[in-house]
Amino acid sequence: MLKRLVKQVLPSSAVAAVNNWRTRERLYKSWSKAAAAAPAYGDMRLTAFRIERSRRLIGEEKSYVQPPADLLPAMDIPAGRFVDFGGSAGEMCAVLREQYPAWSFTVVETKSMADAAQALRPEISFSDQLPPEFDVFYSSGTLQYLSDPETLWREALSRTTRYAYLARNSFSNRKLFTVQSSRLFDNGAGPVPDGFDNVEIRYPHQTISEASLTGIADEMGFDLAARFEGRNSGVTGTRADVYGADLLFKRR
Ligand SMILES: C[S@@+](CC[C@H](N)C(=O)[O-])C[C@H]1O[C@@H](n2cnc3c(N)ncnc32)[C@H](O)[C@@H]1O
């Protein structure tokens, strides 16, 4: 009753602001505090679901997954070594491989995902470690799920000979540690396999400073070759100061 009265009295912008405030995600003081509140991404139930879902896409990946067109100029040599960091069960690499058959493709994933996906797509290499050297480093929607994204970025660039592309980013000038919540069926693409319940899945998440990634790239000998505004599919949660942009870096 009181709620209804307040709603009638307040302007709709104030009601929206109150609703936003009520549904905003909880902030944690550090990654370790967020990680203590939710299991890491390699949760076996999540991996099993994503593998079964991906199995149904074999041979038809390009109907479900498209590499960003802006990545393709980075593949400007006849044969090269491509790394997709956080590349799931290799769906995007499978699409690229059709177009670039002379290239080699490695997906770096959580150990549970890498082990399970290797049997699914044997033409792609899977590992939970970065290879010693590669020509193109690609990562989409993944750095925000690491405990130390900046160190991984530095390490990846030290092994990259030509280009690095970051897609589906979750940028903010403020470090925000949260726990992201999703439904199991929102993970991965394609028809939902039988035998799974659409349970809640939670994993720790942190925003990343775009300036810090660009600064690290500069130190590691890379220029920002292109920046694509408004690519917001990696933005989660309700905070207004989180934004996306795809970044393409080129070794000097
Ligand atoms: C939101 S998904 C993005 C998947 C895909 N790259 C895309 O853009 O659709 C995040 C991916 O990061 C992977 N991931 C999480 N922690 C990781 C880690 N420590 N090393 C490698 N991959 C990780 C997850 O298994 C998952 O595939």
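All residue numbers refer to positions counted from 1 along the written sequence of the respective chain. At least 70 in pLDDT is required for a residue's local features to be given in this predicted model, at least 80 for side-chain atom pairs to be given and counted, and no such filter applies to totals for whole chains, interfaces and linings, which use all residues.

1. Overview of the sheet that holds strand β4 (residues 134-140)
Spatially, the 7 strands line up as an open sheet ordered β3-β2-β1-β4-β5-β9-β8, and their pairing is mixed. Only two strands of the sheet have a single neighbouring strand rather than two, namely β3 (125-127) and β8 (222-229). Averaged over neighbouring strand pairs, the angle between their axes works out to 15° when direction is ignored. Where strand β1 (residues 81-85) and strand β2 (residues 104-108) come together, 5 bridges link them in parallel fashion. Counterpart to Val83 in the pairing with β2 is Thr106. Two residues form a contact once the distance between their C-beta atoms, set from the backbone, is within 7 Å. Fitted lines through C-alpha atoms give the axes, limited to the stretch in contact for helices. The angle between two N-to-C directions lies from 0 to 180 degrees. Only DSSP runs of H or I with at least four residues qualify as helices, and only runs of E with at least two residues qualify as strands; both kinds are numbered from the N terminus onward. Those strands touched by helix α7 (residues 149-158) are β1, β4, β5 (160-167) and β8, and its axis lies near 145° from that of β5. Most of the contacts of helix α8 (residues 210-219) go to β8, to which it runs at about 150°, and overall it touches β5, β8 and β9 (245-251). Between any two strands, pairing holds if DSSP finds at least two bridges.

2. Re the environment of Pro191
Looking at the element boundaries, Pro191 is found in the loop between β6 (177-183) and β7 (200-206). The class of Pro191 is exposed, set by 9 C-beta atoms lying within 10 Å. Taking the C-alpha atoms as reference points, Pro191 and Leu57, 134 residues apart in sequence, are found 8.5 Å from one another. To sort residues by burial, count the other C-beta atoms lying within 10 Å of each one's C-beta; a count of 20 or more means buried, 12 or fewer means exposed, and anything in between means partly exposed. C-beta atoms are built from the backbone.

3. Side note on the site of the ligand
Each residue receives a C-beta atom built from its backbone; the residue is near a molecule or strand if that atom lies within 6 Å of it. Contacts to the ligand come from 14 residues, most closely from Tyr41, Gly86, Ser140, Gly141 and Thr142. Counted by class, the shell around the ligand contains 5 nonpolar, 7 polar and 2 charged residues. Residues are grouped as follows: nonpolar covers Ala, Val, Leu, Ile, Met, Phe, Trp, Tyr, Cys and Pro; charged covers Asp, Glu, Lys and Arg; every other residue, Gly included, is treated as polar.

4. A word on the environment of Phe105
Residue position: Phe105 is located in strand β2. Using a count of 25 C-beta atoms within 10 Å as the deciding quantity, one classes Phe105 as buried. In this structure the C-alpha to C-alpha distance between Phe105 and Gly90, which are 15 residues apart in sequence, comes to 8.8 Å. For Phe105, the contacting residues outside a window of four places in its chain are Phe82, Cys93, Leu96, Arg97, Ile124 and Ser125.

5. Here's the deal with the environment of Ser63
By the element assignment, Ser63 lies in the loop between α4 (44-55) and β1. Taking the C-alpha atoms as reference, Ser63 lies 9.0 Å from Gly190; in sequence the two are 127 residues apart.

6. Overview of the pairing of β5
By the criterion of burial, β5 is predominantly enclosed, with 6 of the 8 residues buried. The pairing of β4 with β5 spans 6 bridges and is parallel. Across the sheet, Tyr138 pairs through a bridge with Tyr165, a residue of β5. Orient the strands so they point away from the viewer, and a crossover whose first-strand-to-second-strand path over the helix runs clockwise is right-handed. Tracing the backbone out of β4, into α7 and back to the parallel element β5 gives a crossover that is right-handed. Here 4 bridges tie β5 to β9, and the two strands are oriented antiparallel to one another. From the neighbouring strand, Leu166 faces β9, where its bridge partner is Leu247.

7. A short note on unusual backbone geometry
The phi angle at Ser88 is positive, at roughly 55°, despite the residue not being glycine. By secondary structure assignment, the location of Ser88 is in the loop between β1 and α5 (91-99). According to the C-beta neighbour criterion, Ser88 is buried, with 23 such atoms within 10 Å. Residue Arg168 is not a glycine yet carries a positive backbone phi of 50°. On the secondary structure map, Arg168 appears in the loop between β5 and β6. Overall, Arg168 belongs to the partly exposed group, with 19 C-beta atoms counted inside 10 Å.

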